[in-house]
Amino acid sequence: MFFRNLLTILFFSLALTPILGQNRVLTETPITLTLEQTITLAADSSLEAFRSKNIYMSGYWEYRAFKAGRLPSLTLNLTPGQYNRTIVKRYDSETNLDTYRQQQAFEAYGGLSVVQNFDLLGGTFFLNTNLDYLRNFGDNTETQYTSVPVRIGYSQDLLGYNAFKWERKIEPLKYEKAKKQLAYDLENTAGLAAEYFFNLAMAQAEYDLADENVRNMDTLYRIGEERYKIAAISQSDLLTLKLDRINAVNSLKNADISLKRAMFALNSFLNMDKNTPIRLRLPSYPKSMDISSEKALAEARNNNPDLLGYRQNILESQQNVDKTKKESMFNATILASVGYNQVAGSLSGVYRDPLRQDIVSLSVSIPLIDWGVRKGRYNMAKNNLNVTEITARQGEVKVEEDVIMTVGDFNIQKDLIASAEEALIIAEDAYKTTRQRFVIGKADINTLTLSRQRQQEARRNYISALENYWVSYFKIRKLTLYDFEYNMPISNTIESKF
């Protein structure tokens, strides 16, 4: 009798031996994603990546506009026709009186102008040509043409604010920041993708553990019933096994809810169909990679967009100080041009024997009384510059601290993964041994429960160690914009992708 019961117990044990990592039964065939594939999908399809790329394109076209502004511009101005019929006031020299007269006229105008900004001094060179046509109606009908065949000149603020000089300093820096900001945002997207990936990986592991636990508890409860029949265990132990089976079923239901939520979150982040079933393949053991704090700090100072943003803010504050300072003083503007013009009654005559046209003007603006408005603006700009410089320094310190701490965490995680992997192997072997000992009656229920809990905790710790490693790695890439695996800056290839 005893041997028959023992054979029955062993049959149940062998028939229902759990398989670690067994997949959940799904109504649809799940797609399998690695961490690398998940990050690639996030960079291509996620709304985060789409937003980041459009922000970059805005900065790209702003920089293109700046570069185009450094080149000559050609403008055509046309008034194809303008008809006037009105009463105007005119002076009559014969009567020495102003009189109102009816006037009818048709006018047309056309002109071409070329403008080139001179960044060094902040002035503007211009070259233009134009032609006017005027036809008067009424008592005195007359047709006239007037032209400026060519006119070249230069306009310059002698003491004023030179916006071109500051644009040459700020705009290239803004575009460089835009490129690095895109790389930063994409690395941030990769870090978020890794977090969603491991959240789902943990949820799947929890589900698999819960599913395995249900099958184990069902098997152990049946074994317990057989052993209770032969008085090998007490009724209290049998009830404990029954309670564990009930708790395992409840845990499986909760794990299923958590798994659906984690899968929905990853699908939403990747901009995929929300009901797409996903199965994840955990990344392999990471290869040895030593990152020094000094190297990471040096790359962060060169590439981090936040630090570039602080430099941009300082330049813009210095620009505002210069602008308010120049505006608080008197200003003088000079305009000089030389060209030709002519007037005639026919189109052919308007370009015959043109007359010399010279224009030189000097205008001066001197603030006399403004009750301290300009001085106040200048002092406010200086104080804002001081605040910007202090804020920039605080931001730099924070970034440097973040880099050092993240590198330290990353280097520690490598050792933790090795320890977690070793602990998982030991815990799984210990649970298998304890389970077999319980089957043959050499281990009690408490020992079995404790061994199962250790095995499950070791599985969670291993996944957590992997997550911490990869999240730290992507955070270092984000902060430094440097690929330490291939030893190259990340943002070097941004322009070639667009």
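Residues numbered from 1 in each chain as written. Predicted model: local features only at pLDDT ≥ 70, side-chain atom pairs only at ≥ 80, totals over all residues. Heavy atoms only, no water.

Our next topic: the overall build of the protein chain. Each helix and strand counted, the protein chain has nine helices and ten strands in total. Over its C-alpha trace the protein chain gives a radius of gyration of 40 Å, far above what one expects of a compact globule, namely 23 Å for 498 residues. Overall, the C-alpha framework of the protein chain stretches about 145 × 50 × 45 Å when taken along its three principal axes. Out of the 498 residues belonging to the protein chain, those deemed buried represent 39%. (Helix = DSSP H or I, 4+ residues; strand = E, 2+ residues; numbered from the N terminus. Rg over C-alpha atoms; globule rule 2.2 N^0.38 Å. Buried < 20%, exposed > 50% of the residue type's maximum accessible area, 1.4 Å probe, protein only.)

The subject of this paragraph is a nonpolar patch on the surface. Among the surface-exposed residues, Leu74, Leu76, Leu78, Leu112, Val114, Leu127, Val150, Ile152, Val338 and Tyr340 lie close enough to one another that they form a single nonpolar patch of about 860 Å² accessible area. Secondary structure elements with two or more residues in the nonpolar patch: β2 (73–92), β3 (97–118), β5 (142–157) and β7 (331–344). Broken down by element, the residue count for the nonpolar patch peaks at three residues, all from β2. Along the chain, the position of Val338 falls in strand β7. (Patch = residues over 30% accessible without salt bridge, like charges linked within 9 Å, V, L, I, M, F, W, Y side chains within 5 Å. Areas by Shrake-Rupley, 256 points an atom, 1.4 Å probe, with all protein chains shown as cover. Salt bridge = Lys/Arg side-chain N within 4 Å of Asp/Glu carboxyl O.)

Aromatic ring pairs are reported here in terms of the distance separating the ring centres and the angle at which the planes meet. A full pass over the atoms with the stated rule returns 19 aromatic pairs. Their ring planes at 75 degrees and their centres at 5.1 Å tell us that Tyr60 and Trp61 sit as a pair that is edge-to-face. Arranged with centres 4.5 Å apart and planes meeting at 45 degrees, the rings of Phe125 and Tyr154 form a pair that is tilted. With Phe125 in strand β4 (residues 123–137) and Tyr154 in strand β5, this pair connects stretches of sequence that are 29 residues apart. (Phe/Tyr/Trp six-rings, centres within 6.5 Å; stacked < 30°, edge-to-face > 60°.)

Before going further, it helps to examine the pairing of β3. Here β2 pairs with β3 via 18 bridges, running antiparallel. Bridge pairing in β3 places Ser73 opposite Val115. (Pairing = 2+ DSSP bridges.)

Attention now moves to the sheet that holds strand β8 (residues 355–365). Read across the sheet, six strands follow the order β2-β3-β4-β5-β7-β8 without closing on themselves; strand pairing throughout is antiparallel. Two strands in the sheet have a free side with no partner beyond their single neighbour: β2 and β8. Across the sheet, the mean angle separating the axes of adjacent strands is 20 degrees when strand polarity is ignored. Bridging between β7 and β8 involves eleven bridges; their strand directions are antiparallel. Paired with Val338 across the bridge in β8 is Asp358. (Axes fitted to C-alpha atoms, helices over the stretch in contact; angles between N-to-C directions.)

Moving on: unusual backbone geometry. Even without being a glycine, Leu481 presents a positive backbone phi close to 50 degrees. Looking at Leu481, the relative accessible area reads 0%, which means it is buried. Despite not being glycine, Asn487 has its phi angle at roughly 55 degrees, a positive value. When you line up the elements, Asn487 lands in the loop between β9 (482–483) and β10 (488–489).

Within the secondary structure, Glu467 is located in helix α9 (residues 445–480). Here Glu467 occupies a buried position and makes no salt bridge, while the nearest side chain of opposite charge, Arg460, is found at 12 Å. (Lys, Arg positive; Asp, Glu negative; His and termini not counted.)

Per-chain confidence: the protein chain averages 84 in pLDDT, with 92% of residues scoring 70 or above. Scored below 50 in pLDDT, residues 1–27 makes 40 contacts in the model with residues more than four places away or belonging to other chains. (pLDDT = per-residue confidence, 0-100. Contact = heavy atoms within 4.5 Å.)

Judged by nonpolar contacts, the single largest core of 69 residues is most densely connected at Leu35, Leu200, Leu280, Ile291, Val403, Trp470 and Phe474. The set of elements that each furnish at least two residues to this core consists of α2 (35–45), α4 (163–229), α5 (235–269), β6 (278–281), α6 (293–303), α8 (373–439) and α9. In terms of residue count, the dominant contributor to this core is α4 (17 residues). Apart from residues lying up to four places away in sequence, Leu200 is in contact with Leu259, Ala262, Met263, Leu266, Ile278 and Leu280. Grouped together as the second largest cluster of nonpolar side chains are eight residues, Ala49, Tyr63, Phe66 and Ala178 included. (Core = buried A, V, L, I, M, F, W, Y, C linked by side-chain atoms within 4.5 Å.)

Taking 1.5 Å of rise per residue, 67 residues should cover 99 Å, and α8 covers 91 Å from first to last C-alpha, within 8% of that figure. Taken as a whole, α8 carries its principal kink of about 25 degrees at Gln413. Note on α8: the residue one or two positions beyond its end, Gly441, has a positive phi of about 85 degrees. (Expected span 1.5 Å × (residues − 1). Bend = angle between axes of the 7 residues up to and from the residue.)

Under the criterion given, the structure shown has 24 salt bridges. A salt bridge links Arg168 to Asp119; the nearest nitrogen and oxygen atoms lie 3.9 Å apart. One end of the pair, Arg168, is in helix α4; the other, Asp119, is in the loop between β3 and β4, and 49 residues separate them in sequence. Connected through shared salt-bridge partners, Arg70, Asp119, Glu167 and Arg168 make up one network.

Direction vectors running N to C along α6 and α8 enclose 145 degrees, while the axes themselves pass 9 Å from each other. For α6 against α8, the interelement crossing comes out right-handed. On α8, the residues that touch Ser293, Ala296, Leu297, Ala300 and Arg301 of α6 are Glu400, Val403, Ile404 and Val407. Split into classes, the residues belonging to the contact of α6 with α8 amount to six nonpolar, one polar and two charged. (Left-handed = near helix turned anticlockwise from the far one by under 90°. Nonpolar A, V, L, I, M, F, W, Y, C, P; charged D, E, K, R; others polar.)

What follows concerns the environment of Leu47. Position of Leu47 relative to the elements: it lies in helix α3 (residues 47–69). Spatially, the C-alpha atoms of Leu47 and Thr99 are 72 Å apart, while their sequence positions differ by 52 residues. Once residues lying within four places of it in the same chain are set aside, the contact partners of Leu47 are Phe269 and Asn271.

Relative to the 99 Å expected for 67 residues at 1.5 Å per residue, α4 spans 95 Å between its end C-alpha atoms, a close match to the ideal helical length. When you tally the buried positions in α4, you get 47 out of 67 residues, the bulk of the element. Residue Asn162 occupies the N-cap position of α4, its side-chain oxygen lying 3.1 Å from the main-chain nitrogen of Phe164. One or two positions beyond α4, positive phi appears at Ala231, with a value near 65 degrees. (Polar contact = N/O pair within 3.5 Å; in protein donor to acceptor, adjacent residues only side chain to side chain.)

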